[in-house]
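# Structure assessment
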Amino acid sequence: MSDAVENPTTPAIVLVRPQMGENIGASARAMWNFGLDRMRVVAPRDGWPNQAAVALASGAGRLLDEARLSPDLADGIKDCSFVFATTARTRDLTKPLFSPEQAMKAAALKIAEGQRVAVLFGPERAGLENDDIACANAIISVPVNPAFPSLNLAQCVLLVGYEWMRATGEIDPESVEMAGTVWAEQQEIEHLASHYEERLNEMGFFFPQHKSESMRLNLRNFWSRMPMTRADVQMMHGVMRQVMRWTGRRDE
């Protein structure tokens, strides 16, 4: 099909001479996992459409239905203004070299400027040929084990898709699942600290006397240093109450 979108908001994923329909389908699934929906297929070995691709797409069949089929690479990227080529091998070509992360950041900026961006992925057997890479503006070098540099086609698409999502999505690098509670307020933590200090004092914990002040200070610092939820505070109060009940029974 022809690309009907005048100003696409994602890069086109161009599979160059893919050999197995299963890998095309798995690539479509990887694309859709990360919001990429512009697939182009260049000279697939087993023809097109491909039922093996449909079987592996698993919910991403729309990408296969809308994929643009091209007889050669020149046709597949003819409307693109910037093209990345993926490779894990050293090439004797002078071109800008990007990590997947930096490539997708650059792609996002170029697309925001109104450019059409494509990313090339080579056939499963040996990847893109130098003639293919010569048509690209830059190379995405995938950091892999040099003793085993071969990446599955769909895995490589997944890697680039993940970096695209990181470059364009609202992703928190770290978050906390609160599980139905909220962070404790300072007054709640202060009350907990006082509860422990009073009970520990009754147990004779702050001994010897000349170390008592520093021990109390360290205990207060312990509570304030610890990120606590309201549920944590309630549980720790319960722990101390149970300790006091147990020690009371023991002394009877």
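Overview of the structure. Counting restarts for each chain: residues are numbered from 1 in the order of the written sequence. In keeping with the model being predicted, local features are shown solely for residues with a pLDDT of at least 70 and side-chain atom pairs are shown and tallied solely at 80 or more, while totals for entire chains, interfaces and linings include all residues. As a rule here, side-chain values cover all heavy atoms of the structure and leave hydrogens and water aside.

## A closer look at the nonpolar core
This is how it is decided: Nonpolar cores were defined as sets of buried Ala, Val, Leu, Ile, Met, Phe, Trp, Tyr and Cys residues, with membership established by side-chain atoms within 4.5 Å. Under the scheme applied here, a residue whose accessible area is under 20% of the maximum for its type counts as buried, over 50% as exposed, and between as partly exposed, the area being computed with a 1.4 Å probe on protein chains only. Only DSSP runs of H or I with at least four residues qualify as helices, and only runs of E with at least two residues qualify as strands; both kinds are numbered from the N terminus onward. Contacts are residue-level and defined by heavy atoms, with any inter-residue pair within 4.5 Å sufficient.
Ranked by size, the top nonpolar core spans 34 residues in total, and within it I13, L15, M39, F84, M104, F121 and V157 carry the most contacts. Broken down by element, the residue count for this core peaks at six residues, all from helix 5 (residues 100-112). The contact partners of M104, leaving out residues within four places of it in the chain, are V119, I140, V160, E163, W164 and A167.

## Structural notes on the sheet that holds strand 6 (residues 117-121)
To keep things clear, this is the line we draw: Being paired, for any two strands, means DSSP has found at least two bridges between them. To get an axis, a line is fitted to the C-alpha atoms, and for a helix only the part in contact is used. The angle between two axes follows their N-to-C directions and goes from 0 to 180 degrees.
The strand order across the open sheet formed by seven strands is 3-2-1-6-4-7-5, and the pairing between neighbours is parallel. Looking at the sheet topology across the chains shown, the edges are occupied by strand 3 (68-70) and strand 5 (97-98). Bridge count for strand 2 (residues 39-42) against strand 3 is three bridges, and the pairing is parallel. Counterpart to V41 in the pairing with strand 3 is L69. Lying on the sheet, helix 7 (residues 153-168) is in contact with strand 1 (12-16), strand 4 (82-87) and strand 6; it crosses strand 6 at an angle near 150°.

## Details of helix 1 (residues 21-33)
For the record, the criterion: Expected span of a helix, by definition, is 1.5 Å for each gap between consecutive residues, and there is one gap fewer than residues.
Between its terminal C-alpha atoms helix 1 stretches 19 Å, which fits the 18 Å expected from 13 residues at 1.5 Å a residue. Tucked inside the fold, the buried residues of helix 1 contact strand 1, strand 2, helix 2 (51-57), helix 3 (61-65) and helix 7. G35, located one to two residues past helix 1, shows a positive phi value of around 80°.

## Looking at the side chain of T229
Tracing the chain through its elements places T229 in the loop between helix 9 (212-225) and helix 10 (230-250). Ignoring any residue separated from it by four or fewer positions in sequence, one finds T229 in contact with M178, T181, V182, W183 and A184.

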